[in-house]
Structures are given as structure tokens and as C-alpha cells.
Protein chains: 2
Amino acid sequence: MLSALDLARRIERGELPVAAVVGACADAIAACEAEIGAFAALDLAGAERQAKISAQTAALPLRGLPVGVKDIIDTIDFATSYGSPIYAGYRPASDASIVSMIRRAGGIVIGKTVTTPFAYLDPGKTRNPRNPAHTPGGSSSGSAAAVAAGMVPIALGTQTGGSIIRPAAFCGVAGFKPSFRLLPTAGIKCFSWSLDTAGMFAASVADVAFAAAAISGRDLLVEEVAAVPPRIALTRTQQWSDASDAMRTAVEAAARAAAAKGAEVRELELPAIFDEASQAFATIQSYEGWRAYAFEYDHHRDRLPLRLRDLLDKAAAITPDAYDAARRVAKRARQTLNQLATDIDVLLTPSAATAAPKGLDFLGSPSFNRLWTLMGVPCINVPGLADADGMPLGVQIVGRFARDRTALAAALFVEQAIAAENPRLLAARDS
Amino acid sequence: MLSALDLARRIERGELPVAAVVGACADAIAACEAEIGAFAALDLAGAERQAKISAQTAALPLRGLPVGVKDIIDTIDFATSYGSPIYAGYRPASDASIVSMIRRAGGIVIGKTVTTPFAYLDPGKTRNPRNPAHTPGGSSSGSAAAVAAGMVPIALGTQTGGSIIRPAAFCGVAGFKPSFRLLPTAGIKCFSWSLDTAGMFAASVADVAFAAAAISGRDLLVEEVAAVPPRIALTRTQQWSDASDAMRTAVEAAARAAAAKGAEVRELELPAIFDEASQAFATIQSYEGWRAYAFEYDHHRDRLPLRLRDLLDKAAAITPDAYDAARRVAKRARQTLNQLATDIDVLLTPSAATAAPKGLDFLGSPSFNRLWTLMGVPCINVPGLADADGMPLGVQIVGRFARDRTALAAALFVEQAIAAENPRLLAARDS
């Protein structure tokens, strides 16, 4: 994989021309893309052109690094089809805000990465670079796979349920879903305005923190483990019984590794309100999706993929009262979470129930992600562990709302603790 | 003016064909549009066609009523230019969610109404139907004017600062800015994701409540004054000194009229946190606008109107820390407002500092609106009062978050109290 932070440092020091990074991406794309299918659109020639005139760009925070952009995010220079034939060849009239922020920060948009259609649970064409017989997860399938295959150092994704953390876990890369509304979603196809969150993928926690800092202009860079170890709560959640034995083992191993490196680790059981909140998630997503995708449903129902069509067929019946009740539950759960265990910095919990399932049809369940998306809190997939077959097992760090830096720092700590404890398990990541 | 509720009732009873309503709009447009300039795009022939095949439509909540849609809201069948030459002739690939909701509810989109460029403070072409030498206010200038001139019974607007309540007040119509996120903003050009709120204009409070109920499917219809009179707090706010004598008199007259009809009216002084919140508004709007309009600023700065360009020039310097501090102030103010005077249903305060200023360049100040937009609470402009020159003076009812029905019911009460107390003052509205 390409380390965004390492590449940026070398460009900054004048050791590496931006064009060489674009060249490395082009080589990886030539080698992998036919099999992996991470891109919906690519413009290597355009990226090379931009790389050549990038003397000023190399002075900007992103240093001319190539970025893949999930194809539900509008771009002026690439077709944006939301993963659906309904929008085949559609050219937006402007860049999404987050794309403008990437360009302002000196990033080069190299291509659009595959999204599942309208960012729901129907599969796209992408395969998992760790094993092409397995799903990369979704909905940000192409972004996770493009980073995992070394085709780009940074890729943008979005999460409404588990669409960043899950594919990051399945592909063995770092994924960062920031606090709700830390990054703008203007110009991103809306599924659920209470849930949609923009974020990114990169090789490691430090890389994803670098990307987030450079794009947002915020103090999010975490390069070295902080002097004070984090206070971590191992949180099994009510979904623990869904998790595979390998995943349970991985999360517990991560907890032990963190404790061995000096972190304060204890267990935390979530109050019952969070069971209710998981139900509330489904109501909110469906109610808002029925309105956000109203045009597509009313004009193109027959061309919608099956799972999304089924969701929307049922969503029509959700009443405003049911939606309002769900929002009240979410609000109470957020307040509870905020007051819960204030002596703890972050939670440690699975990123997904399992490693990437075999086959491309089933994208895996977002059951370990929905609650945190609804809570609006920062989440990071920490890569580094793997199952007996070498498939990545992601563990998730969940932070407090608006404490994104603390969450990233804790994720970095856990990542390094895992690496120190069991370097063998990192083999999958470094291959 | 055309009463949406009255027209809907007559269509429902089979007394009025939908085509006749479209015809009445066409007549008013023929008579007024050349002078008023409320529309950016019109399709009367299309509306007539839709009206003819509207047997099923007439059974839907909006009963085939024509609706004007502010031109920062995407429509598939009309160009959507956001009030700017940058987007002249731009045809979106889909309808905004709120437009789909109108069509689902049986409304006919008759045209796009003039917005000020990108919904900021630079003027559009629209004149005030009460006196064409005066501004209609903005940014939803065309929607307010189209309703005031009887050209449509319902028009959609949006409010980021004071863009619904102020033009409604200046044009002497009812305007409703619902609770934040009650109506979806997907497909509406984003200025500030923490502030942008969709809402609507209609002739009277009952009409705007009817429109909101029909479009949202929510229990918002208020036709008759409730048995229990509202508990109202006359709230002068820290901007009171900006208000003209005529406006102060109008608000106090409204309070007396409501009390005379049995409402509990007392005075409420806002704590100091609300001064801070008004400052926070400016920081939040600018910080988010710098990102939401990044593409337009970076690619078309020279074609941006002066006031918006000036705002964005300065916005670049706002730091994430300043923005976060502003959001914390806003959050504390929301909590304070929620706990403040829980024995009160609504606040009564000016809708604007003055009646519509003379001239078209100055759109009036949103100083009496910004705070409430930031608070996310429902606001209604109650028409019915006027100054010595017959120019409307709007008074504003501000409700509690998510208590939109209570706010509309109180606004209806105040509207009828004003009418009962001083029918002469209603002359401007009924002319």
C-alpha cells in the first residue's frame, strides 16, 4: 500500500516528484484494476498533467497526492453515476464541497471509485484485493479496494450505515468516519440527511489522520503515540453474538495488546437505550431515504437495484410520528452516550461481524456500525489483524462527539500495540 | 391573493376544476408578472396540461394546486440557475426531494421563482407587489411576491438567515420556516448546512399551514382557532432598537390584540447568551458558505455578485476553532431556549426591522431572523398589519423546536386577533 503520510513527507523534502507518485498509482492500476474493478472512472492522463504543473501544489497540505473519490460525490471533470445506470454519464455542474476542499488542499482527483448503487446494499463490480473471491464490503467498495491494492494513497467515502468502517475492515485499510458534519456533504447524493457522513480511507491510521487533517484544515494529524496512553472501554455491544469467533478473538487480542502497552482498558456494557437506538436507525434511514430518493423511486423504480427498491417499497409506510419517535430515541441515546463513562476516551468494538464474506453478492452486515453512525461519533477502523486465511479482521475505535483527534490518537495507539504484540498478524497489511 | 386552503376545499367538493385555478394564476401572471418579475422560469402550458389530467391529482392533498418553486431548488423540468449567470440554463438531473414531495402530494410546479443570487443579499429582479418601488425582500423574493400578487397560491422558499420570514413580511403574506430539517433540503443548493431550512409562502396562516401539512404529510393543518388560547411572550430581543417606530407599534398592537382575545401575554427578556448566538450565526454561515460555495468561488469568483463575494473573501480566514466555538455557543443557546419559560407556547417578535425599504438594492436586514434560524425553531410571519403608507408590517411567531403545529396555531390566533381588533389594517392584505 501507499502511505499518504510518507509520500507527503518525501514530496515536502523534495525527495520525490509528484509525478512519480502518480506514476506509482498508474503502475498499480495497470497491475490490479482489471481484476479488482475499484474505479468507475479514471483519468491518469489528467492526473499526470496536473502532477507536472504542481510546484505550488506540492507546497499545499496534500502535496499533489492522488485521491480517489467515491462515485456518489459530484465532480465537474468526471461523470458521476451514483453506481446506477439511471445516471450513466451524468456530468454535475459543480464539484461537491469536499472535492473543492481536496483541490484547495492540493490533492489531485485521479478517478471516481465504485460505489454500490445509491450507496445501499446491492453489490457493485469491485472485488477484495486481499482475495478477489471475497466482497470488499460496501458501499464505499471502490475506495477501500483502491487503497488496499495500492492504486491510490487516499480515497473518499461516505457512511450512512457502515459504508466506511466495514469496507475498510474487509480490505485491511484504515477508515475514518469523522463526527457528523465535520466534513461537508453538499454535492454528495443524499440518502439520509441525519446519517450521511463523509470520510476517507488510507493505508494506516496515521495516513488517514494526515488526509483528514490536510483536507479539513483541522488539527487531526497523529503521527506518534501520545505520551499518555488512552483510556479504552472494550464494548461488546448487543450485537456481540453476531460476531464470528475470529472477530471476538481479534477484538479481545487488541484490548490485551493495548493494555500491555499501558492503556487503561476496562469493559463497558451499554444501557438498554442503545438497543432501541439500533431500531431507531432503521426507521430514520428508511423515512429519509423515501424522501431523498423520491425522484429515483417515482421515475425509475424498475431500474433501482432490488435491495434498495425493497427498502423504499416498505419505507413509504413509515409515519412522521414513528420517525419523530425514532429521532427522540436517537437524541436520548446521544445524551446517554455523552454522559456515559466520562473517564473513558474511546470504545473498542468490532468493525464488522466477520472478515469479508466469500462471494460478491453479500456485502456483509453493518450491524456493528449503524449505532455509531446514528450517534454521530468519530469511528476508525484499525487494520492489522487477520484470520487464519489471512483475511483482515478490523477492530473499531469509537470516540466522543467532536473529539476526533482523541479518537485518532487512540486508534494509532491500538494499531501500534497490535503491531508490537504480534508482528506476524501484520503480514497481510504489509504484503 | 389566492387562498390555497379555500381553493383546495372547493376542488375537493367538485365546485372548482383544477384547470380553473391554473387559469386564475395565468390571468394574474398576465396582469402582474411584467411589472413584478417574480419568475425565473414559467411553464403555463405545462401546468394547463397537467391540470387537465388531474382527476387523480385532485384527490391528493394538494389537489392539483399550482406551486412556485424558488430557483435554488432543483427541478427536472425547469432550468435551475440559483439566481446566477454561472448556472444560466442549467438543467439538474433530478428533482429536489421537496419537489418530489410536492408532486407526490398532487401539486403542479408552475414555475421557478426568482431567488437572489445564491440566496444571499445581492438583489434579484423582483419588485414588491404592494408597491413596485420597494424591495420584496430576499432571498426568496419571487416566491413572496408571486403569492402576494395572486400569481400562485403556494410558493416554496428557503431561509439561511431571514429569507422566508423577511420577504413574507415585506410582501404581506404568510411565511413559514419550519423546525430545522422538518422538510428535506436534498437537491437544494447549499449555503450553510447548519442553517438552510426549506419552507413556504401562502396568503394567510391557515393557507401556509395547509400547504405544509399537504407537502409533509404531517398534522400541521390549523383552520380554526384552538379552544385554549396560546401563551405568548412578547420578546423585544436585543435588536429592538433597530426596529422602526411603526414596527414596534405593530408588534405591541399585535400583543394587545391577542390579549384582548384571551391569550396570556407577558414580556420576556432574552439572556445574554443570545447576544453571543447572534455573533455565532455570522461565523457559522461564513465558515460553511466558504466550503459550500467553494466551487463557485474558486472557478467563478469574478462572476459572483458583490456582497456574496465580499462575504466569501472574508470567510476564508475563519478558523475551525472559531467555527467550533460558534457551534458550542449555538448549542448552549438552543439548550437555554428550550429550558426558558416552559410555561410559554410561543414568542412574539418583529419579522423584520421595518416595512419593505424603498428601492430594490437593499433587501432589508435579517437581524430579527438570524437568531431563530440558528436556533432551528419554527417561525411564522403573520400578515395583517400595515404602516401609514399601506406597506405591510409583519409580526413573527417563534415556536419551540419540533412544536410546529403549536406555533402555527398561535400564529393563526394572532392573525385573527389582529383582524378582529382592527379590520381596517387588513385592507392592504385583502386588496
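Predicted model only: the values in this text are computed from it and were never measured.

(A) Examining the overall build of chain A more closely. Scanning chain A from N- to C-terminus turns up 15 helices and 11 strands. A globule of 431 residues ought to have a C-alpha radius of gyration of about 22 Å, and chain A, at 20 Å, matches this closely. Evaluated residue by residue, chain A yields a buried proportion of 61% over its 431 residues. Sequence separation of at least 24 residues holds for 78% of the intrachain contacts in chain A that already meet a minimum separation of 6.

(B) Region of interest: the packing of helix α8 (residues 245-260) of chain B against helix α14 (residues 404-421) of chain B. Residues and elements named next belong to chain B. For the pair α8 and α14, the least separation of the axes is 8 Å and the interaxial angle reads 95°. When the interaxial angle is binned, α8 and α14 end up roughly perpendicular. Contact residues: α8 offers A254, A257, A258 and A260, while α14 offers F413, V414, A417, I418 and E421. When its residues are assigned to classes, the contact of α8 with α14 shows 8 nonpolar, no polar and 1 charged.

(C) Representation of the pairing of strand β2 (residues 66-70) of chain A within the structure. All names here are of chain A. Counting buried positions along β2 gives 5 out of 5 residues, so the element sits mostly inside the fold. Bridge count between β2 and strand β3 (residues 108-113): 5 bridges; the pairing is parallel. Its bridge partner being in β3, G68 is matched across the sheet by G111. Handedness of the β2-helix α4 (residues 97-104)-β3 crossover: right-handed.

(D) Representation of the packing of helix α1 (residues 4-12) of chain A against helix α7 (residues 205-216) of chain A within the structure. Residue and element names in this part refer to chain A. Two numbers describe how α1 lies on α7: the axes approach to 7 Å, and their chain directions differ by 60°. Judged on the interaxial angle alone, α7 and α1 are oblique. Of the residues in α7, those in contact with A4, L5 and A8 of α1 are A206, D207, F210 and A211. Of the residues contributing to the contact of α1 with α7, the split by class is 6 nonpolar, no polar and 1 charged.

(E) Quick peek at the sheet that holds strand β6 (residues 197-202) of chain B. Residue and element names in this part refer to chain B. Strand order in the open sheet formed by 11 strands is β1-β3-β2-β4-β6-β5-β10-β11-β9-β7-β8, and the pairing between neighbours is mixed. A single partner strand is all that each edge strand has here, and the edge strands are β1 (39-42) and β8 (264-267). Taking the axes of each pair of neighbouring strands and ignoring which way they run, one obtains an average angle of 30° across the sheet. In the sheet, strand β5 (residues 174-177) pairs with strand β10 (residues 379-386) via 3 bridges, with the strands oriented antiparallel. Within β10, the position partnered with G175 by the bridge is N381. Against the sheet, helix α2 (residues 18-36) makes contact with β1, β2 (66-70) and β3 (108-113), and its axis sits at roughly 50° relative to β2, the strand it touches most.

(F) The interface of chain A and chain B, seen in detail. Counting residues at the interface gives 23 residues for chain A, matched by 23 residues for chain B. Secondary-structure elements contributing two or more residues to the side of chain A that touches chain B are α4, α9 (273-292) and α10 (294-300) of chain A.

(G) Highlighting helix α14 (residues 404-421) of chain A. In this model α14(A) runs 26 Å from its N-terminal to its C-terminal C-alpha over 18 residues, within 8% of the 26 Å that 1.5 Å per residue would give. α14(A) sits mainly inside the fold: 13 of its 18 residues count as buried.

(H) Summary view of helix α2 (residues 18-36) of chain A. Residue and element names in this part refer to chain A. For α2, spanning 19 residues, the distance from its first C-alpha to its last is 25 Å, which sits close to the expected 27 Å at 1.5 Å a residue. Along α2, the sharpest kink reaches roughly 40°, centred on A30. Structurally, α2 contributes buried residues whose contacts are with α1, β1 (39-42), α3 (44-52), β2, β3 and α5 (141-148). G37 occupies a position one or two residues after α2 and carries a positive phi of about 65°.

(I) Up close: the sheet that holds strand β8 (residues 264-267) of chain A. Residue and element names in this part refer to chain A. In spatial order, the strands read β1-β3-β2-β4-β6-β5-β10-β11-β9-β7-β8; together these 11 strands make up an open sheet with mixed pairing. Strand pairing shows two members of the sheet lacking a second neighbour, β1 and β8, which therefore form its edges. In this sheet, adjacent strand axes meet at a mean angle of 30° when their direction is disregarded. As paired elements, β1 and β3 share 3 bridges and run antiparallel to each other.

(J) Looking closely at the relation of the copies chain A and chain B. Of the transformation placing chain A onto chain B, the axial shift is 0.0 Å and the rotation is 180°, giving an RMSD of 0.0 Å. With respect to symmetry, the two chain copies, as superposed, fit the operation of a two-fold axis. A symmetric contact is evident, with 100% of the interface residues of chain A recurring at the interface of chain B.

(K) Main features of the confidence of the model for chain A. All names here are of chain A. In the predicted model, chain A carries a mean pLDDT of 95, and 97% of its residues have values of at least 70. The low-confidence segment residues 426-431, where pLDDT is below 50, has 10 contacts with residues more than four positions distant or belonging to other chains. Overall fold confidence (pTM) sits at 0.97, and the ipTM for the predicted complex is 0.96.

(L) Inspection of the environment of Y90(B) at higher detail. Residues and elements named next belong to chain B. Structurally, Y90 is set in the loop between β2 and α4 (97-104). Looking at Y90, the number of C-beta atoms within 10 Å reads 14, which means it is partly exposed. Along the sequence, Y90 and L371 sit 281 residues apart, while their C-alpha atoms lie 33 Å from each other.

(M) Quick peek at the environment of P129(B). Residue and element names in this part refer to chain B. Looking at where P129 falls in the secondary structure, it is placed in the loop between β3 and α5 (141-148). Given 25 C-beta atoms within a 10 Å radius, P129 is considered buried. A sequence separation of 125 residues divides P129 from A4, and the C-alpha atoms of the two residues are 19 Å apart.

(N) Layout of unusual backbone geometry. Residue and element names in this part refer to chain A. Here the bond from G138 into S139 is cis, since omega is 5°, no more than 30 degrees from zero. Within the secondary structure, S139 sits in the loop between β3 and α5. Not every positive phi belongs to a glycine, and A402 is a case in point at roughly 70°. Tracing the sequence through the fold places A402 in the loop between β11 (392-398) and α14. Classification of A402 by C-beta neighbours within 10 Å gives partly exposed; the count is 19.

(O) Spatial organisation of the environment of S141(B). Residue and element names in this part refer to chain B. Relative to the assigned elements, S141 resides in helix α5. Here the alpha-carbon distance between S141 and A105, two residues 36 residues apart in the chain, equals 24 Å. Not counting residues up to four positions away in its chain, the partners in contact with S141 are V114, T115, T116, G124, T126, P136 and P167.

Conventions used here
- Residues numbered from 1 in each chain as written.
- Chains lettered and ligands numbered in written order.
- Predicted model: local features only at pLDDT ≥ 70, side-chain atom pairs only at ≥ 80, totals over all residues.
- Helix = DSSP H or I, 4+ residues; strand = E, 2+ residues; numbered from the N terminus.
- Rg over C-alpha atoms; globule rule 2.2 N^0.38 Å.
- Buried ≥ 20, exposed ≤ 12 C-beta atoms within 10 Å, placed from the backbone.
- Contact = placed C-beta atoms within 7 Å.
- Axes fitted to C-alpha atoms, helices over the stretch in contact; angles between N-to-C directions.
- Parallel < 35°, antiparallel > 145°, perpendicular 65-115°, else oblique.
- Nonpolar A, V, L, I, M, F, W, Y, C, P; charged D, E, K, R; others polar.
- Pairing = 2+ DSSP bridges.
- Right-handed = clockwise from strand over helix to strand, strands pointing away.
- Expected span 1.5 Å × (residues − 1).
- Bend = angle between axes of the 7 residues up to and from the residue.
- Least-squares fit on C-alpha atoms with pLDDT ≥ 70 in both.
- pLDDT = per-residue confidence, 0-100.

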